[in-house]
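Structural overview
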Protein chains: 2
Amino acid sequence: MGVSWVDSYFEKKYPILSKSSTKTSQHVAAAPDTSSKSTLTDLTPQPSTTERAISASGRPIYSRGEVAQHNSLETGIWVTYVDGVYDISKFVTIHPGGERILLAAGHAIDPFWAVFSVHATPETRELLENYRIGDLMPRAEDSTAQDIESHSKGIELLFINEPERHPSLQVRSARPCNAEAHPDSLATFVTPNELFFVRNHLPVPNVDPELFRLQIEGPGIPDDYSLSIDELKTKFTHVSETVTLQCAGNRRKEMHDVRPVKGLQWQGGAISNTVWTGVRLRDVLADAGYQLPDFTLPNYAEDITHVQFDGVEGYGASIPIEKAVDPRGDVLLAFEMNGEPIPRDHGFPLRAVVPGHVAARSVKWVGKITLSDEESQSHWQQHDYKGFSPSSTLETSDYSKSNSIQELPIQSAILYPRAGDEICANDDDEVIVKGYALSGGGRHIYRVDVSADDGKTWRDAELVQMDKKPYGRQWAWTQWEAKLPAEWVSERAQEGKVTFVCKAIDSSYNSQPETFESIYNARGVLVGAWSRVQANFKSK
Amino acid sequence: MGVSWVDSYFEKKYPILSKSSTKTSQHVAAAPDTSSKSTLTDLTPQPSTTERAISASGRPIYSRGEVAQHNSLETGIWVTYVDGVYDISKFVTIHPGGERILLAAGHAIDPFWAVFSVHATPETRELLENYRIGDLMPRAEDSTAQDIESHSKGIELLFINEPERHPSLQVRSARPCNAEAHPDSLATFVTPNELFFVRNHLPVPNVDPELFRLQIEGPGIPDDYSLSIDELKTKFTHVSETVTLQCAGNRRKEMHDVRPVKGLQWQGGAISNTVWTGVRLRDVLADAGYQLPDFTLPNYAEDITHVQFDGVEGYGASIPIEKAVDPRGDVLLAFEMNGEPIPRDHGFPLRAVVPGHVAARSVKWVGKITLSDEESQSHWQQHDYKGFSPSSTLETSDYSKSNSIQELPIQSAILYPRAGDEICANDDDEVIVKGYALSGGGRHIYRVDVSADDGKTWRDAELVQMDKKPYGRQWAWTQWEAKLPAEWVSERAQEGKVTFVCKAIDSSYNSQPETFESIYNARGVLVGAWSRVQANFKSK
């Protein structure tokens, strides 16, 4: 294990890069050396058992201490998962994720699978079951459990290279980092970089921009076509677009509070808006040798229907070719965020920015682009980020029959007041309610309606800040503010409480559904019901 | 009045056409001669009053018989409106609608204004008030009222040239003809021409296709640019698109039943789907001399932002330039409907077809296209077909502050069963529920959810027929069918009644709002709440 797993992982994933020069195998900077025996083998010895216990299922039972001793090719590589013990020695060389698997050697793989959610399929579990050699001793009976757990540092090593984050971010999961923007950060039109919400599916890669090359693959594109960041910057026209990115699960907690869903408990802050600068994806694809389709022809794109993005850290997603090359689509390969190099948390040195679509398609650290006749086969495109009926459960949701989320539906949320706030009228005898509104597909916000009686009567909010963009290219959110007459609010208060509601209407006159029940889905995505906030109202 | 008003009207409206040849003044075939004195002046004489009564407002009071005698330039042209009497002799020559105004000479203009809704503005009423000479005698006191009313044939003459219509069409207003498709007609994917819903704002013009020329005006386009139907057919590539057209007020009656709205009481049949064949608007505009914009450039369309369509009968509307010339927009100038010349009711000989937008923009009998930096200034673009908040009334709705409806929101409706039907399970122990679903902007239908308990629990419907179209170009509706287990339905029946609900989800994951209250607007447009049908369920 003298070779850093990070290098090795990327050699496997990007063989073209690693072949072209020895330097490019360091494309991603090396993670700390994880091969030290003191880290992986300094275990409390387990007393040997002369007679091995057998479980009810007829398999031998192993303690955590015994498993921990099998952590090298000499001893065999064992891991545990839930209540199973597996000898994966023969699997290490064919593991799609490369030698990263060795970080779990002798330990539980459960925490790794929680991070690398690509494993969450019946097929992967079945594959693992082929390597089963026994059952794991119940924790209560396992005298070695406490010592062993405290030595399982593998998962932490994956995240030792994370960037620093602003303390105002509200962390929903530490590893990988998922943290939403503070409500105060959302009340300005452009979100400062350090206050932008963080949504990471995997550890943040540490990419050396000097060594980085973007690969592009597809019919008609030369095998060795790739671009350095410098080449991208010098060969193509620079374009800046103000684009709001929103996570598919933004506001999930509100749905969860009505009926439980799976996923990070985002409140309304898995959304932010910044100016992205980069080059047009369509320009780059054309330069690579792809003939931009004439959309007036039938069968214009028989062999290429999707553009796939692969992040160097392992994430992947795709978008339809129609969006990818639309002159009005404004899909960018961005290297700047608010005029600065994109911070590591947001995709340094290069990020796909797909305006009007769910943020999950704006792939960070994008290292490879593939023109294909199929969607990305990544876990996140195929088995996540899809919608289902309120009557589907996590178990009955058939991902093969649902469609990937691309354009987002109409959305809005109240930022002020917050639930439980004490509010009263200002000097103009008005009560101020503020928030954001956004629609997918470049649709403009036409109106935001605000209620102070849970949706019985409404007032139009003022759209106080939005981009002036042409029809169908409103990629940024709209900031709105309702100045409600205090008397009007007071008449609607009940026992000192007022329930404010907002709903937005976009340029297709789509409006938000009233309740979370009606759009419930067990994964908790597409959470666009009316935003409701109950505050305490004090008459003057 | 020897000249047919129809000729005269179109001479005024299309001076270029009438100047270029004497023939083109017959561009629209002549309506029957309406100048016969026997029609307009055969009136019961009114006994003269020696002392004229004065109304409370200080104006002289006239009977209907007296007004009727002022029906020519010799006697002066008088008309009545509500309770006013007006001498419009000096206005006739400057009336924007030309001599058509003479059809009302000596009579009430109220029925004309009900048809020509362009008059329904405060400005028009104010203008009329300038010509006021007195007050109309209250009907109860007016001994001439009965005779006069029976002679007011003017309004009928406007509609003497209407085409025949299929008896299955459900008429919501006779003049102009507005008739919805029978529910049975909507259950097939392609609607036969004669069963297609009819939505006319004005009398149907009778256009001579040999004389017809499409005019195109705008910067860079030669003054005399025009095309005959033959030229259109021979110069440009023919394109066929299956496009569903839906009236902005489809399903209005369901909203009206919850809270009254203004407008035709459409049920779910102001929608139909056919194959339109024609040429691409973008091809024609390019041929006319318009430089198609490069949408990747900033300020690509500073001087041209809208394409206006004028129907030869007086209707007008516009669409954004982005839609008009988008290679993926599929905007057609159509001359065929289901492989036959477009029937008169649907726009013969030429109709704009704007897929994905409200049908009101697919202008029939289109005779002029104008490239402009503003929307159509027509009544229907400026003072109709816009959305408002549920708290706006007809009086408080400020049309200058709302936006024209273009792309439609997500929609679906149950076609079977119908309200009050007796239903029971079929031989497979299933209850069948059927309907249609459609979204605007080319968005596909991803799912239709069907409930048998008013929305508490759901089943996925099967999408049984839809066009296989590329991303963002689903212009036709989707036919769906839910096969609900009889036991599941039976468990949800209450006292023998079942409330079925459907809601559709489109490719932006927009879903329909639950109630009409939440999207109520006083004009009754954009009526896309859940479709609910209560039927009587009999267990076997």
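These numbers come from a predicted model, not from an experiment.

A few words on the overall build of chain A. When helices and strands are counted, chain A shows 15 helices and 27 strands. Taken over 540 residues, chain A has a buried fraction of 61%. In chain A, the share of contacts with a sequence separation of at least 24, taken over all contacts with a separation of at least 6, comes to 72%. With an accessible surface of roughly 21,800 Å², chain A has 49% of that area assigned to carbon and sulfur atoms.

The next subject is the packing of aromatic side chains. Within this structure, the stated rule accounts for 24 aromatic pairs over all chains. Measuring from centroid to centroid gives 4.5 Å for Y81 of chain A and W113 of chain A, while their planes differ by 40 degrees, and the two rings are tilted. Placement of the pair is Y81 of chain A in strand β3 (residues 76–81) and W113 of chain A in helix α5 (residues 110–115), with a sequence separation of 32 residues. A centroid spacing of 4.9 Å and a plane angle of 80 degrees characterise the contact between F388 of chain B and Y399 of chain B, whose relative ring orientation is edge-to-face. With F388 of chain B in the loop between α13 (379–382) and β19 (411–416) and Y399 of chain B in the loop between α13 and β19, the pair connects residues that are 11 residues apart, well separated along the chain. When its relative accessible area of 16% is taken as the criterion, Y399 of chain B is described as buried. Chaining the aromatic ring pairs together yields one cluster made of F196, F197, W266 and W276 of chain A. In this structure, K503 of chain B packs its charged tip against the face of W458 of chain B, placed 4.5 Å from the ring centre.

Low-pLDDT portions of the prediction should not be read for the details of their coordinates. All names here are of chain A. For chain A, the average pLDDT comes to 88, and 90% of its residues sit at 70 or higher. Every residue in residues 1–27 scores below 50 in pLDDT, and together they form 59 contacts with partners more than four places removed in sequence or on other chains. Note that residues 29–47 has pLDDT below 50 and, in this model, 33 contacts with residues that lie over four places away or in other chains. Interface confidence for the predicted complex, expressed as ipTM, amounts to 0.86; the pTM equals 0.87.

Counting residues at the interface gives 49 residues for chain B, matched by 49 residues for chain A. Of the roughly 4,000 Å² buried between chain B and chain A on both sides combined, carbon and sulfur atoms contribute 48%. On the chain B side of the contact with chain A, T296, Y471 and Y509 of chain B bury the most area, a combined 18% of that side's loss. At the surface where chain B touches chain A, the tally comes to 2 salt bridges. Between R328 of chain A and D326 of chain B there is a salt bridge; the shortest N-O distance is 3.2 Å.

Let's shift gears to the relation of the copies chain B and chain A. With an RMSD of 0.1 Å, chain B superimposes on chain A once it is rotated by 180 degrees and translated 0.0 Å along the axis. Seen this way, the second copy is the image of the first under a two-fold rotation axis. Rotation axis and chain B: the residue whose C-alpha lies nearest the axis is P513 of chain B, separated from it by 2.2 Å. Both copies present the same face, since 100% of the interface residues in chain B are matched by interface residues at the equivalent positions in chain A.

This paragraph deals with the pattern of salt bridges. For side chains bearing opposite charge, pairing can occur when the charged atoms are close. All names here are of chain A. Going through the model one piece at a time under the given rule, you end up with 56 salt bridges over all chains. Here R443 ties to D506 by a salt bridge, and the two come within 3.5 Å at their closest N and O atoms. On the criterion of sequence distance, the pair formed by R443 in the loop between β21 (430–438) and β22 (445–451) and D506 in strand β26 (residues 497–506) is long-range, its members being 63 residues apart. With respect to class, R443 is no different from D506; both count as buried.

Taking the numbering used here, the UniProt-annotated feature "domain: Cytochrome b5 heme-binding" (unreviewed entry) corresponds to residues 59–137 of chain A. A helix fraction of 24% and a strand fraction of 24% characterise residues 59–137 of chain A, whose end C-alpha atoms lie 11 Å from each other.

Each strand in a sheet pairs with its neighbour through backbone hydrogen bonds, running either in the same direction (parallel) or in the opposite one (antiparallel). All names here are of chain A. Spatial strand order, β20-β27-β26-β22-β23: 5 strands in an open sheet with mixed pairing. The open sheet has two edge strands, β20 (422–423) and β23 (459–460), and neither has a second partner. With 6 bridges connecting them, β26 and strand β27 (residues 531–537) associate as antiparallel partners. Note that in β27 the partner of F500 across the bridge is V533.

Okay, helix α11 (residues 281–288) of chain A next. L281, R282, V284, L285 and A288 of chain A are the residues of α11 of chain A that are buried. Viewed along the axis of α11 of chain A, the buried residues span an arc of 160 degrees, placing them on a single side of the element.

Once that is clear, we can look at a negative patch on the surface. All names here are of chain A. A grouping of E302, D303, D373 and E374 is seen on the molecular surface, where their side chains present a negatively charged patch. Residue placement: E302 occurs in the loop between α11 and β13 (306–311). The exposure class of E302 is exposed, given its relative accessible area of 61%.

Residue and element names in this part refer to chain B. The sheet built from 5 strands is open, its strands ordered β10-β9-β18-β13-β14 with mixed pairing. With partners counted over all chains shown, the strands left at the sheet margins are β10 (226–228) and β14 (316–320), one partner each. Averaged over all neighbouring strand pairs, the angle between strand axes comes to 20 degrees, with direction disregarded. Relative to strand β18 (residues 366–372), strand β13 (residues 306–311) runs antiparallel, the two sharing 6 bridges. Its bridge partner lying in β18, G311 is registered against V366.

On to the nonpolar core. All names here are of chain B. Grouped together as the largest cluster of nonpolar side chains are 77 residues, with contacts concentrated most on V307, F309, L333 and I369. The element contributing the most residues to this core is helix α11 (residues 281–288), with 4 residues. In contact with I369, not counting residues within four places along its chain, are L214, Q215, I216, E217, L281, L285, V307, Q308, F309 and L333.

Residues and elements named next belong to chain B. By the bridge criterion, 4 bridges tie strand β3 (residues 76–81) to strand β4 (residues 84–87) in an arrangement that is antiparallel. What sits directly across from V79, in β4, is Y86. The sheet contact formed by β4 and strand β5 (residues 132–136) spans 3 bridges and is antiparallel. Looking at β5, one finds that G84 is bridged to D135.

This part is about the pairing of β14 of chain B. Looking along a regular strand, one sees the side chains alternate between the two faces of the sheet. All names here are of chain B. Of all 5 residues making up β14, 5 are buried, and the element is well covered by its neighbours. As paired elements, β13 and β14 share 5 bridges and run antiparallel to each other. Looking at β14, one finds that Q308 is bridged to S318. Here β13 hands over to β14 after 4 residues, with G314 in that stretch at a positive phi of 120 degrees.

Cut-offs applied
Residues numbered from 1 in each chain as written. Chains lettered and ligands numbered in written order. Predicted model: local features only at pLDDT ≥ 70, side-chain atom pairs only at ≥ 80, totals over all residues. Heavy atoms only, no water. Helix = DSSP H or I, 4+ residues; strand = E, 2+ residues; numbered from the N terminus. Buried < 20%, exposed > 50% of the residue type's maximum accessible area, 1.4 Å probe, protein only. Contact = heavy atoms within 4.5 Å. Areas by Shrake-Rupley, 256 points an atom, 1.4 Å probe, with all protein chains shown as cover. Phe/Tyr/Trp six-rings, centres within 6.5 Å; stacked < 30°, edge-to-face > 60°. Lys NZ or Arg CZ within 6 Å of the ring centre and 35° of its normal. pLDDT = per-residue confidence, 0-100. Buried area = accessible area lost by both parts, 1.4 Å probe. Salt bridge = Lys/Arg side-chain N within 4 Å of Asp/Glu carboxyl O. Least-squares fit on C-alpha atoms with pLDDT ≥ 70 in both. UniProt positions renumbered as here; feature names shortened; annotations may be inferred. Pairing = 2+ DSSP bridges. Arc of directions from axis to C-beta. Patch = residues over 30% accessible without salt bridge, like charges linked within 9 Å, V, L, I, M, F, W, Y side chains within 5 Å. Lys, Arg positive; Asp, Glu negative; His and termini not counted. Charge placed at Lys NZ, Arg CZ, Asp CG, Glu CD. Axes fitted to C-alpha atoms, helices over the stretch in contact; angles between N-to-C directions. Core = buried A, V, L, I, M, F, W, Y, C linked by side-chain atoms within 4.5 Å.

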